[in-house]
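Summary of the model geometry
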Amino acid sequence: MLWYSRLYVGERARKHLFSIIRSIREKKYRPGVFVITPASNGNNILDIYPGYMLLLESGRVQELTILGIADGYQEALALAGTMVEEMYEKTGGFCLEEFLTERGGKVW
């Protein structure tokens, strides 16, 4: 699992950010946590996954890059909307790779 260095974080998730990140890294279930990742197909920009999906040992889950963390599905939707809006404002389009590069974050 990879992490984007300029992680997007919802307001409620920010209050517990370090414990949420620790839970994800230690593969511990934390109810209500959602992560935002690049889309797994070419038809979308972003995917939203419930935190329990990160507990799976599948290769697909291990290859995910976490771009954002939210506390609750509504916060995840709002955060993804903010990300797409910012992407369009900065790049004039919907190319996620270009946006992340321009934003200056790194994946680690």
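Up top is the structure.
So, how was this worked out
Residues numbered from 1 in each chain as written. Predicted model: local features only at pLDDT ≥ 70, side-chain atom pairs only at ≥ 80, totals over all residues. Heavy atoms only, no water. Helix = DSSP H or I, 4+ residues; strand = E, 2+ residues; numbered from the N terminus. Rg over C-alpha atoms; globule rule 2.2 N^0.38 Å. Buried < 20%, exposed > 50% of the residue type's maximum accessible area, 1.4 Å probe, protein only. Contact = heavy atoms within 4.5 Å. Areas by Shrake-Rupley, 256 points an atom, 1.4 Å probe, with all protein chains shown as cover. Lys, Arg positive; Asp, Glu negative; His and termini not counted. Charge placed at Lys NZ, Arg CZ, Asp CG, Glu CD. Phe/Tyr/Trp six-rings, centres within 6.5 Å; stacked < 30°, edge-to-face > 60°. Lys NZ or Arg CZ within 6 Å of the ring centre and 35° of its normal. Arc of directions from axis to C-beta.

Attention now goes to the overall build of the protein chain. Across its full length, the protein chain carries five helices and four strands. Relative to the globule expectation of 13 Å for 108 residues, the C-alpha radius of gyration of the protein chain, 13 Å, shows essentially globular dimensions. Classification of the 108 residues of the protein chain by burial places 41% in the buried group. Put simply, of all contacts in the protein chain between residues at least 6 apart along the chain, 61% involve residues at least 24 apart. With the model as given, the accessible surface of the protein chain reaches about 6400 Å², and the carbon-plus-sulfur share is 53%. Charged side chains in the protein chain number 13 positive and 13 negative. The centres of these two groups are separated by 9 Å.

This next bit is on the environment of Leu46. Positionally, Leu46 belongs in strand S3 (residues 46–50). C-alpha separation for the pair Leu46 and Gly81, spaced 35 residues apart in sequence, amounts to 9.6 Å. Non-local contacts of Leu46, meaning those with residues more than four positions away in its chain, are made with Ile36, Thr37, Pro38, Ala39, Leu67, Ala80, Met83, Val84 and Leu96.

This part takes up the packing of aromatic side chains. Tallied over the full model, the rule gives two aromatic pairs. When the centroid spacing of 5.1 Å and the interplanar angle of 25° are considered together, the rings of Tyr88 and Phe94 count as stacked. In this arrangement the basic side chain of Arg25 is found over the ring face of Trp3, its NZ or CZ atom lying 5.5 Å from the centre.

To continue, consider helix H2 (residues 17–25). Taken together, the buried positions of H2 are Leu17, Ile20, Ile21, Ser23 and Ile24. Taken down its axis, H2 places every buried residue within 160° of arc, on the same side. Turning to H2, the residues buried within the fold contact strand S1 (2–9), helix H1 (11–14), strand S2 (33–38) and strand S4 (65–71). Positive phi shows up at Lys27, right after H2, with a value of about 55°.

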